[in-house]
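# Reading the structure
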Amino acid sequence: MKRGLLLCVCQGTCPSFHKMDIFEVLNSLRREGIFEWVGLHPQLCSDDGDKYLRELLKGAEIDQLYVAGCDPTMQKKMYRDAFEAVGFPKEKHIGVEIRNMDTQQAIDAIKKAVEEHK
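Residues numbered from 1 in each chain as written. Predicted model: local features only at pLDDT ≥ 70, side-chain atom pairs only at ≥ 80, totals over all residues. Heavy atoms only, no water.

If you look the protein chain up in an unreviewed UniProt entry, it shows as Heterodisulfide reductase subunit A and related polyferredoxins-like protein from Caldicellulosiruptor kronotskyensis.

Encoded structure:
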């Protein structure tokens, strides 16, 4: 199964991400080979975040897109237009809440989400 991971970190200024080393989260999961690719965006809910998702997912050959950031229910609403614009099935999106976690907690939450969606 091919998986992609995006971290969205609320511009990097939100206090809910201050205990986390976002680059270690990405590197740890990348080194383990859990994902085909990993990426970072400062604010996917912004207009340029929407454009980023559209470009990234145009013709994407992945089975699951994990977005670690804010509430998964909010993510579904915020990314719906981008997914529809490029024909990316919304069922392939898996949101993972990582706010207010430290580095290891975020890694564990993402791994748990992968296990639950095998």
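There is more to say after this.
All right, on to unusual backbone geometry then. As a rule of thumb, non-glycine residues mostly have phi less than zero, and peptide bonds are mostly trans rather than cis. One non-glycine residue, Asn100, lies in the positive phi region at around 60°. Positionally, Asn100 belongs in the loop between strand E4 (93–97) and helix H4 (103–116). What makes Asn100 exposed here is its relative accessible area of 52%. (Helix = DSSP H or I, 4+ residues; strand = E, 2+ residues; numbered from the N terminus. Buried < 20%, exposed > 50% of the residue type's maximum accessible area, 1.4 Å probe, protein only.)

What follows concerns the packing of helix H1 (residues 22–32) against H4. Look at H1 against H4: their axes get within 9 Å of each other, and the N-to-C directions meet at 45°. Here H4 runs oblique to H1, going by the angle between their axes. Pair H1 / H4 crosses with right-handed handedness. Contacts from Glu24, Val25, Ser28, Leu29 and Glu32 in H1 reach Thr103, Ala106, Ile107, Ile110 and Lys111 in H4. Across the contact of H1 with H4, the residue classes break down as five nonpolar, two polar and three charged. (Axes fitted to C-alpha atoms, helices over the stretch in contact; angles between N-to-C directions. Parallel < 35°, antiparallel > 145°, perpendicular 65-115°, else oblique. Left-handed = near helix turned anticlockwise from the far one by under 90°. Contact = heavy atoms within 4.5 Å. Nonpolar A, V, L, I, M, F, W, Y, C, P; charged D, E, K, R; others polar.)

When charged atoms on two side chains of opposite charge get close, those side chains can pair. Taken as a whole, this structure holds seven salt bridges when the rule is applied. With a shortest N-O distance of 2.5 Å, Arg54 and Asp50 are connected by a salt bridge. Of this pair, Arg54 and Asp50 are both found in helix H2 (residues 47–57), four residues apart, which corresponds to roughly one turn of the helix. The class of Arg54 is partly exposed, set by a relative accessible area of 32%. For the salt bridge of Lys118 with Glu115, the shortest nitrogen-to-oxygen distance reads 2.9 Å. This pair shows no difference in class: Lys118 is exposed, exactly as Glu115 is. (Salt bridge = Lys/Arg side-chain N within 4 Å of Asp/Glu carboxyl O.)

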